[in-house]
Amino acid sequence: MTRRAVIAGIGHYLPERIVENAEFEATLDTSDEWIRSRSGIERRHFAAEGETTSNMATKAAQNALADAGMTADDIDAIVVATSTADLTFPSAATMVQAQLGMTKGFAFDVQAVCAGFVYALSNANALVASGQADKVLVIGAETFSKIMDWTDRSTCVLFGDGAGALVLEAQEGAGTSDDRGILATDLNSDGRFKDLLYVDGGVSTQNTGHLRMQGNQVFRHAVEKLASTAHTSLERAGLGADDVDWIVPHQANIRIIQGTAKKMGLPMDKVVVTVQDHGNTSAASIPLALSVGKARGQIKQGDLIVTEAIGGGLAWGSVVLRW
Ligand code: UT7
């Protein structure tokens, strides 16, 4: 028998304010047509004044707990993937812990930018597999609207805010690829590519900073690295692309999503796409897409899912799981 981290529940939260592409036309030399055709994005949500990453993460977590039929008291650990925590410290995860009313267990953040959720899921899986935790909340939550340079049309039209959460629960499996739960993971980074995507400030530089991106350079790395990491995870699980029911990719750009599916030899009707409605929500994008994909009736119990993401670092990776 093998201890598996099985998805017991999922939920998400999106801030109320929706901003359509056309709104940017008033202040920037851009157009709805350019944003749609280059990125696939049509609208995104922005957090309200005073609405923070931990507030959104908590709402997503409450929805995931309700879906799992659990309460916060059942949870042993919280892992939050974010690059936009409320404060420098403590972690957003401990703030979520308090907001959920949890007085036991442990909580910490994982910071791998847009790849944050696959990093968090992989680490949470290791906690479950090693017996350090039985039930783990894994959350991706971001307020990228707070680090935008609103005069930079090449970045500020691409990102949005939101949060998604899932509950992992330890279950015994047979040790085969037919088991439910996380079957394989693959994580990578290469810090030589820092200048392609970064925030030009931080605590030790005494400046919050803004997101800077050489979008077309990141694009060049994305399709190849995403298809490669998905292939590695599938191989580790003893599976191939033909076994995949759904790719649930990081939602940065529809052309990257299409290119990766094509490189994997899979049609777009096997891909969950939410980029048109959410924009790029960094570490929140995969749990948001999983939650929306389930709500749409696309993802069903027993489906084989590959998630993959790449972002600042560069950091990238993938997780293969059976729902
Ligand atoms: O989630 C983390 C990982 N991030 C990503 O995966 C993002 C990866 N990159 C991308 O999604 C795409 O590269 C972008 C959507 C950012 C840009 O698309 P692109 O096809 O690579 O365009 P480009 O950067 O090569 O720019 C083409 C043109 C430029 O004008 P010139 O130099 O050709 O005259 C830009 O100045 O488009 C211009 N441009 C815009 N025009 C209208 C850039 N932003 C805008 C804009 N509106 N908002």
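Being a predicted model, the structure only gives us computed values, none of them experimental.

What counts, and at which threshold
- Residues numbered from 1 in each chain as written.
- Predicted model: local features only at pLDDT ≥ 70, side-chain atom pairs only at ≥ 80, totals over all residues.
- Heavy atoms only, no water.
- Near = heavy atom within 4 Å.
- Polar contact = N/O pair within 3.5 Å; in protein donor to acceptor, adjacent residues only side chain to side chain.
- Areas by Shrake-Rupley, 256 points an atom, 1.4 Å probe, with all protein chains shown as cover.
- Pairing = 2+ DSSP bridges.
- Helix = DSSP H or I, 4+ residues; strand = E, 2+ residues; numbered from the N terminus.
- Axes fitted to C-alpha atoms, helices over the stretch in contact; angles between N-to-C directions.
- Parallel < 35°, antiparallel > 145°, perpendicular 65-115°, else oblique.
- Left-handed = near helix turned anticlockwise from the far one by under 90°.
- Contact = heavy atoms within 4.5 Å.
- Nonpolar A, V, L, I, M, F, W, Y, C, P; charged D, E, K, R; others polar.

S.K.: Sorry if this is basic, but what is going on with the site of the ligand here?
M.R.: Around the ligand, 23 residues are found, and the nearest of them are T30, R38, H250, N253 and N280. Within the side chain of R38, one N or O atom sits 2.8 Å away from an oxygen atom of the ligand. At a separation of 2.7 Å, an oxygen atom of the ligand approaches a polar side-chain atom of N253. Computed on the free molecule, the ligand has an accessible area of 960 Å², of which 73% lies beneath the protein chains in the complex.

S.K.: What's the story with the sheet that holds strand β7 (residues 161-173) in this structure? I'm lost.
M.R.: Across a sheet, strands are paired by hydrogen bonds formed along the backbone, either parallel or antiparallel in direction. Strand order in this open sheet of five strands is β1-β7-β6-β4-β5, and the pairing throughout is mixed. If you trace the sheet from one side to the other, it starts and ends with β1 (2-13) and β5 (106-110), each paired once. The average undirected angle you get between the axes of adjacent strands in this sheet is 20°. As defined by bridge partners, β1 adjoins β7 across eleven bridges and the pair is classed as antiparallel. When the sheet's bridge partners are listed, T2 is paired in β7 with G173.

S.K.: Explain the packing of helix α2 (residues 53-68) against helix α3 (residues 92-99) here, please?
M.R.: Packed helices, taken two at a time, are described by the angle their axes make and the gap between the axes. Where α2 contacts α3, the axes come no closer than 9 Å and their chain directions differ by 55°. In terms of orientation, α2 and α3 fall into the oblique class. Crossing angle aside, the handedness with which α2 passes α3 is right-handed. Of the residues in α3, those in contact with S54, N55, A57 and T58 of α2 are A92, M95, V96 and Q99. By residue class, the composition of the contact of α2 with α3 is four nonpolar, four polar and no charged.

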